[in-house]
Each structure stands twice: as C-alpha cells, then as structure tokens.
Amino acid sequence: MIRGAGFISSANKSSKENRNLGKIRPKSSRPDGVTREKNMDKADLKSIDESIKYRNSRYSSFSRSGYFFAIMVILTLVWLIWTLFF
C-alpha cells in the first residue's frame, strides 16, 4: 500500500513538472520560414515517382508472399488432420 501511494504522488509530481516545462519552452519553428510547399518546388518529381513505384512493388510482393504463407499453413493443417484421423 505504501509503494502505491508513493508511486501516485511521484507520478503527479512529474506530470506537473512536465506541464510547467511545456509552458517555459519556446514553440519549435523554423527560423528561415521554410515551408513544405517551398520544398516541394525543389523536389525531383522523377525520383519521387520511382520511390512510389518501388514501394508499391514491395507491397505487392509482400502480399503475394503472405498469400503463399497462408496457403502453406492451410495445406499443412489439412495434411495433419488427414494423417491423424484417416
């Protein structure tokens, strides 16, 4: 019981300290005012397109391997049931 009460009081204290730190610390912002829109103008659209295609191909290969794994599990279960009960 004593440990629980000490834990609660220390949790309340650290929570209060974290709230106070949030009030003291300045909000993060970029000093030069760079925004995402300005960075997108500098982006190489060809490399972005290639990276999207690469990610899509990896996703499709993972989904195919997932189907293969599921089929192998089902076939193994069918084989086990067949050998145990027939």
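For clarity, every value in this text was computed on a predicted model and none was experimentally measured.

Another aspect to go through is a nonpolar patch on the surface. Taken together, Phe-69, Val-73, Leu-77, Trp-79, Leu-80, Ile-81, Trp-82, Leu-84, Phe-85 and Phe-86 make up a surface patch of nonpolar side chains, about 1,200 Å² in accessible area. One can find Trp-79 in helix H3 (residues 45-85).

Moving on to the pattern of salt bridges. Inspection of every chain in the model, using the stated rule, returns 1 salt bridge. Residue Asp-49 is joined to Lys-53 by a salt bridge in which the shortest nitrogen-to-oxygen separation is 3.5 Å. Placement of both Asp-49 and Lys-53 in helix H3 is noted, with a separation of 4 residues, approximately one turn of the helix. A relative accessible area of 38% places Asp-49 in the partly exposed class.

When the pLDDT values of the chain are averaged, the result is 78; 67% of them are 70 or greater. Element-level pLDDT for the chain is lowest in helix H2 (residues 36-42), with a mean of 67, against a maximum mean of 87 in H3.

What counts and what doesn't
Residues numbered from 1 in each chain as written. Predicted model: local features only at pLDDT ≥ 70, side-chain atom pairs only at ≥ 80, totals over all residues. Heavy atoms only, no water. Patch = residues over 30% accessible without salt bridge, like charges linked within 9 Å, V, L, I, M, F, W, Y side chains within 5 Å. Areas by Shrake-Rupley, 256 points an atom, 1.4 Å probe, with all protein chains shown as cover. Salt bridge = Lys/Arg side-chain N within 4 Å of Asp/Glu carboxyl O. Helix = DSSP H or I, 4+ residues; strand = E, 2+ residues; numbered from the N terminus. Buried < 20%, exposed > 50% of the residue type's maximum accessible area, 1.4 Å probe, protein only. pLDDT = per-residue confidence, 0-100.

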